[in-house]
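# Analysis of the macromolecular model
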2 protein chains.
Amino acid sequence: MHQPKNLQSAGLKSTTPRLKILSLFENSKERHLSAEGIYNILHSSGEDVSLATVYRVLTQFEQAGLLLRHHFESEKSVFELNLGKHHDHIVCLQCDHVEEFYDTAIEARQKKIAADHGFTIHEHSLYIYADCTKRNCPNKR
Amino acid sequence: MHQPKNLQSAGLKSTTPRLKILSLFENSKERHLSAEGIYNILHSSGEDVSLATVYRVLTQFEQAGLLLRHHFESEKSVFELNLGKHHDHIVCLQCDHVEEFYDTAIEARQKKIAADHGFTIHEHSLYIYADCTKRNCPNKR
DNA sequence: AATGCGAATGAGAATGGTTATCATTTGCGC
DNA sequence: GCGCAAATGATAACCATTCTCATTCGCATT
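Because the structure is a prediction, the values reported are computed rather than measured. (Residues numbered from 1 in each chain as written. Chains lettered and ligands numbered in written order. Predicted model: local features only at pLDDT ≥ 70, side-chain atom pairs only at ≥ 80, totals over all residues. Heavy atoms only, no water.)

## A short note on the sheet that holds strand β1 (residues 33–34) of chain A
Residues and elements named next belong to chain A. Read from one edge to the other, the open sheet built from three strands follows the order β1-β3-β2, with strand pairing classed as antiparallel. A single partner strand is all that each edge strand has here, and the edge strands are β1 and β2 (67–71). Across two bridges, the pairing between β1 and strand β3 (residues 77–81) is antiparallel. What sits directly across from S34, in β3, is V78. Strands β2 and β3 of the sheet are contacted by helix α3 (residues 51–63), whose axis makes an angle of about 110° with β2. (Pairing = 2+ DSSP bridges. Helix = DSSP H or I, 4+ residues; strand = E, 2+ residues; numbered from the N terminus. Contact = heavy atoms within 4.5 Å. Axes fitted to C-alpha atoms, helices over the stretch in contact; angles between N-to-C directions.)

## Quick notes on the relation of the copies chain A and chain B
Comparison of the two chain copies shows a relationship of rotation about an axis with a shift along it. Of the transformation placing chain A onto chain B, the axial shift is 0.0 Å and the rotation is 180°, giving an RMSD of 0.1 Å. Read as a symmetry element, the transformation amounts to a two-fold axis. Taking C-alpha positions as the reference, the residue of chain A nearest the rotation axis is A:L126, at 2.1 Å. A share of 100% of interface residues in chain A that are also interface residues in chain B marks the association as one of identical surfaces. (Least-squares fit on C-alpha atoms with pLDDT ≥ 70 in both.)

## Observations concerning the domain arrangement of chain A
Residues and elements named next belong to chain A. If you check the domain split of chain A, you get domain 1 (8–81) and domain 2 (88–130). A C-alpha centroid distance of 24 Å is found between domain 1 and domain 2. Counting residues at the interface gives eight residues for domain 1 and eight residues for domain 2. Of the roughly 650 Å² buried at the junction of domain 1 and domain 2 (both faces included), carbon and sulfur atoms supply 55%. For domain 1, the biggest contributors to the area lost against domain 2 are H32, F72 and E73; these three give 61% of the whole. (Domains from an automatic or database assignment. Buried area = accessible area lost by both parts, 1.4 Å probe.)

Listed below in structure tokens is the structure:
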């Protein structure tokens with residue numbers, strides 16, 4: 001019940017722009033997309049959605065729990081489908097490729113550290129910035 | 001040799017704006033400051049430094065290794081003196097207070113995870129967003 | 001201490017990502 | 001099919017940050 005399959009169960013009317021953007025996230029092979037990226041993809045496939053609407057829809061989807069927003073080192077926000085499983089990210093500095101990981105030990109340490117400092121964790125973000133040049137860097141920039 | 005005491009050893013002329021900003025970081029009790037914050041502090045103490053200069057100096061200091069730049073959840077960059085000891089951050093969502101920590105286990109796990117994925121770590125950022133309301137939240141917003 | 005020159009600064013314009021405004025259009029219950 | 005609230009598109013506005021360019025300053029050299 002963390003990620004509703006359709007828009008109405010998220011309390012959102014099913015409109016053309018929303019459906020297009022949602023299906024983009026579900027079908028694109030790149031899980032992590034920016035507003036501008038989405039706008040460009042839609043326009044290059046002949047779908048006209050205004051940039052303002054892209055931003056509005058992304059924010060709504062985030063609030064509805066459909067999407068997660070990330071702030072990597074670039075200035076723009078990046079979004080991914082919220083599949084309900086928390087994970088952290090490795091971001092390639094060469095090609096912007098993003099890989100996901102989850103580590104029980106890190107999660108546990110964080111909880112303990114926050115507790116030791118008297119805090120209650122709300123959320124956290126862990127981004128590892130790295131080079132994947134020795135591997136097959138998929139989309140060199 | 002990681003954090004030069006003065007500007008010339010960092011290859012920077014010692015000018016009034018640079019000296020003021022550096023001493024602000026060295027003397028202010030809040031280690032983490034934004035460009036706007038610095039501008040405001042300087043102006044309320046009668047020191048006139050233009051906002052453009054604040055931004056320029058912060059960027060130069062960062063490149064010289066004097067300062068570290070962080071992107072917390074707010075849209076603006078936050079800086080702190082680079083004392084040469086890496087650490088991560090807990091950011092209070094109530095009052096923006098920042099606390100630092102360092103955990104050997106987390107560092108080790110990160111290195112291992114990156115290696116397992118075939119990456120070479122360049123750097124990483126770990127921010128824990130939390131509530132310190134149960135403690136004495138110093139500057140309620 | 002006066003000179004000169006490249007670097008630094010200030011004021012304000014410009015930029016890039018994102019949000020707000022408002023007239024027009026659309027989804028959808030009746 | 002009607003009607004109205006909600007959603008959209010076009011564009012202006014916003015905010016943090018960077019750029020431009022004329023003026024000023026640090027500092028090495030006389």
